[in-house]
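# Architecture at a glance
Below are the chains, spelled out letter by letter.
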Amino acid sequence: MSSNILLRLRNVEKVFGDTVALAPTSLEIAAGSFVAIVGPSGCGKSTLFNVIAGLLQPEQGEVELDGRLINGATGHVGYMLQKDLLVPWRTVEDNITMAARLTRRVTNDDRLEARRVAHQYGLGEFLRHYPSALSGGMRQRVAFMRTLVTHQPLLLLDEPFGALDAQTRLEMQQWLLQVWRETGRTVLFITHDVDESIFLSDRILVMSPRPGRVVADISNPLGRPRTFDSLTDPHFVEVKSQIMRLLHGGDQ
Amino acid sequence: MKRRVLRNVGVPLLSIVLLLTIWQLIVVVFHIAPYIAPRPWGAIRAVTTDWSTLWPLVLGTIRETVYGFFVGALLGLSLGVIMAKVKVLQRLVYPVLVLSQAVPIIALAAPLVLILGFSVTPKVVIVAWIVFFPVTVNVLDGLSHVDQDLVNLAKVYGASRWRTFLQIEIPATTTPLFSGLKIGATYAVTGAIIGELAASSGSSLALYQEHANSNLNTAAVYGTTMVMTVIGISWFLLVVGAEVLATPWQRRSVARRQRWRRTPDDRTNVLNPK
């Protein structure tokens, strides 16, 4: 491989009682890449994320970030869910600086950065607003900025746009690609939406349940930058049918 | 803004005026004798004419109410937090707490006097006894319903349990905490009066009323009741006011002021740091 490996999983397994949530899985994620993970419910996507985030201790195997073993250790990744999890009692600015507040004193640099990021990505007018005053899309953007300013090289995004309407979701996908291009982070992106996984990623991991495992690792042939035309590109259609076959069996 | 003040202050005031009017009408229309039920104005006058005697007693009742409220609130908050954090204690202590509220408070007063004498202490204890319970129950409930995804998110960021508690769990419990405090505030005066009835040797608002009652000074009896009610309502309103100040996000969409003053890009405050 030409690029550096940021995240490496070796034979990572997670079991809950009798259920193998994640069968032994090995993965290598290149620094700066955008990797999408698709699969039905119960395929172990979120388990995989929780193991990488350090919320779950794997039964066996190694999780290595930038060469360091981080099994069961938190504080190493950015993490974002479908629920924006903004705290209602803090303003947008204070929500963006949340990670700092949870680990140390919030400095002026933290606040300045929060403001800079908010201005840069179109929420500068709303720094003093409480989350209740924002729309769903704006709230998800704030949640993403909060993830961004943790300065973690690896961002785990678990269906971040799953609760948004189709129109807002398209806007947010474009926006995410812009931010990703400008910040050079590595993104692992869980989604149910096959179109979304292809539209955003360099690489798609298809997962399957019972036991949860990666059944296909597809290198996305779709060129960048991605536009609305990408959605009708022959490469797009080809990859989509490949994934659909994997998810729903051969005859589809 | 004007309309809101009218709605929030004017309408409740109007309902009180309406209540007094109905009272007045009933007394007048049914020719009720003043020693059975005075007219509102008579009750108010009974209080104002004897205000110099009443005022120190009122202060005494306020003191018992406020002290008891704070002791009860603090105790209630602590118990709620401890029980939420230590599940074994929750199972152990909860039945005792329920038991404590099942005991008729009047029955409790007599032994309290034996133990604590006739000082302000037994009244404070009775008020605290009433106030802590709704606070504990609400705080416990609030803490057990904090979004676990939010707690996990804090964990992923590398937050310690203490920071998570201070930054996530406690703020998330503000609303239930104030629900408990408001319930406690409404009952606090009742507790103080019960304490005064059972545990006063000298003078107190409750004894003043008893004295008026035995003298068939019904106007003073009603007047004193009104004074007690006013103390209760005032304390409740103060707690509501504290809640409004403590939870600006419940009413506002934009924060009144951010901590702009403490940032280097704000000139005036770089020169004059706080």
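### A word on the overall build of chain A
Helix and strand content of chain A: eight helices and 10 strands. Against the compact-globule benchmark of 18 Å for 252 residues, chain A has a radius of gyration of 18 Å, which places it among compact chains. Overall size of chain A, expressed as C-alpha extent along the three principal axes, is 55 × 45 × 35 Å. For chain A, the residues scored as buried account for 55% of the 252 residues in total. Sequence separation of 24 or more characterises 67% of the internal contacts of chain A that already satisfy a separation of 6 or more.

### Examining the domain arrangement of chain A
Residue and element names in this part refer to chain A. Taken domain by domain, chain A holds domain 1 (1-76 + 154-252) and domain 2 (78-151). The distance between the C-alpha centroids of domain 1 and domain 2 comes to 24 Å. Across the contact, 23 residues belong to domain 1 and 16 residues belong to domain 2. On the domain 1 side of the contact with domain 2, L155, W175 and R185 bury the most area, a combined 28% of that side's loss. Where domain 1 packs against domain 2, one counts zero salt bridges. Here domain 1 is connected to domain 2 by 10 residue pairs in polar contact (both at pLDDT 80 or more). Of all elements in the fold, only α1 (45-53), β7 (154-158) and α6 (166-183) reach the threshold of two or more residues within the side of domain 1 that touches domain 2. With eight residues, α6 is the largest single contributor of residues to the side of domain 1 that touches domain 2. Split into classes, the residues belonging to the side of domain 1 that touches domain 2 amount to 14 nonpolar, five polar and four charged.

### A short note on the side chain of B:S100
The topology assignment puts B:S100 in helix α4 (residues 87-102). Those residues in contact with B:S100, other than ones at most four positions away along the chain, are B:W129 and B:F132.

### As for the side chain of A:S33
Mapped onto the elements of the fold, A:S33 is located in the loop between β2 (19-30) and β3 (34-38). Excluding residues that lie within four positions of it along the chain, A:S33 makes contacts with A:W180, A:R185, A:T186, A:V187 and A:D202.

### Here's the deal with helix α8 (residues 161-172) of chain B
Among the residues of α8(B), those classed as buried are B:T164, B:F165, B:Q167, B:I168, B:E169 and B:P171. Contact partners of the buried residues in α8(B): α3 (98-103) of chain A together with α3 (51-85), α6 (121-144), α7 (148-156) and α9 (174-198) of chain B.

### Description of α1(A)
Residues and elements named next belong to chain A. Counting buried positions along α1 yields eight of nine residues, so the element is predominantly enclosed. Regarding α1, the residues found buried are K45, T47, L48, F49, N50, V51, I52 and A53. Of the residues flanking the end of α1, it is G54, one or two places downstream, whose phi is positive at about 95°.

### Some remarks on the interface of chain A and chain B
Counting residues at the interface gives 37 residues for chain A, matched by 33 residues for chain B. Buried area between chain A and chain B, both sides added, is near 3300 Å², and the carbon and sulfur share of it is 61%. The three residues of chain A that bury the most area against chain B are A:W89, A:L102 and A:R128, which together make up 25% of that side's buried surface. Where chain A packs against chain B, one counts two salt bridges. Two residues, B:D149 and A:K83, come together in a salt bridge whose shortest N-O distance is 2.9 Å. For the pair chain A and chain B, the number of links is 10 residue pairs in polar contact (both at pLDDT 80 or more). If you list the elements that add at least two residues to the side of chain A that touches chain B, you get α2 (92-96), α3, α4 (108-120) and α5 (136-148) of chain A. The leading source of residues in the side of chain A that touches chain B is α3(A), at five residues. Taken together, the residues that form the side of chain A that touches chain B break down as 16 nonpolar, 10 polar and 11 charged.

### Looking at the confidence of the model for chain B
Here chain B averages 88 in pLDDT, and 93% of its residues register 70 or above. Segment residues 263-274 of chain B: pLDDT under 50, and 13 contacts once partners within four positions in sequence are set aside and those in other chains are kept.

### Here we look at the sheet that holds β7(A)
Residues and elements named next belong to chain A. Read across the sheet, six strands follow the order β6-β7-β8-β3-β9-β10 without closing on themselves; strand pairing throughout is mixed. Each of the sheet's edge strands pairs with one partner strand only, and the pair in question is β6 (78-80) and β10 (213-219). Between one strand and the next, the sheet's axes are offset by a mean angle of 15°, whatever the strand orientation. When β7 meets strand β8 (residues 186-191), the two strands line up parallel, connected through five bridges. From the neighbouring strand, D158 faces β8, where its bridge partner is I190.

### Brief notes about the pairing of β3(A)
Side-chain direction in a regular strand flips from residue to residue, so the side chains alternate between the two faces of the sheet. Residue and element names in this part refer to chain A. The buried fraction of β3 amounts to five of the five residues, a majority that puts the element mostly inside the structure. Neither face of β3 is open: one carries F34, A36 and V38, the other V35 and I37, and all of them are buried. Pairing of β3 with β8, which is carried by five bridges, proceeds in the parallel orientation. Residue pairing in the sheet places A36 in a bridge with F189 of β8. Pairing of β3 with strand β9 (residues 203-208) involves four bridges; the strand directions are parallel. Residue pairing across strands places I37 opposite L205, the latter belonging to β9.

### Some details on the pattern of salt bridges
Under the counting rule described, the total for this entry stands at 19 salt bridges over all chains. Taken together, the salt bridges that share partners define one network made up of A:R8, A:R10, A:E28, A:E62 and A:E64.

### Things to note about the sheet that holds strand β1 (residues 5-16) of chain A
All names here are of chain A. The strand order β2-β1-β4-β5 describes an open sheet built from four strands, whose pairing is antiparallel. Either end of the sheet is taken by a strand with one partner, and the two such strands are β2 and β5 (68-69). The pairing of strand β4 (residues 60-65) with β5 spans two bridges and is classified as antiparallel. From the neighbouring strand, L65 faces β5, where its bridge partner is R68. Its contacts with the sheet place α1 against β1, β2 and β4, and it is angled at close to 115° to β1.

Parameters at a glance
Residues numbered from 1 in each chain as written. Chains lettered and ligands numbered in written order. Predicted model: local features only at pLDDT ≥ 70, side-chain atom pairs only at ≥ 80, totals over all residues. Heavy atoms only, no water. Helix = DSSP H or I, 4+ residues; strand = E, 2+ residues; numbered from the N terminus. Rg over C-alpha atoms; globule rule 2.2 N^0.38 Å. Buried < 20%, exposed > 50% of the residue type's maximum accessible area, 1.4 Å probe, protein only. Contact = heavy atoms within 4.5 Å. Domains from an automatic or database assignment. Buried area = accessible area lost by both parts, 1.4 Å probe. Salt bridge = Lys/Arg side-chain N within 4 Å of Asp/Glu carboxyl O. Polar contact = N/O pair within 3.5 Å; in protein donor to acceptor, adjacent residues only side chain to side chain. Nonpolar A, V, L, I, M, F, W, Y, C, P; charged D, E, K, R; others polar. pLDDT = per-residue confidence, 0-100. Pairing = 2+ DSSP bridges. Axes fitted to C-alpha atoms, helices over the stretch in contact; angles between N-to-C directions.

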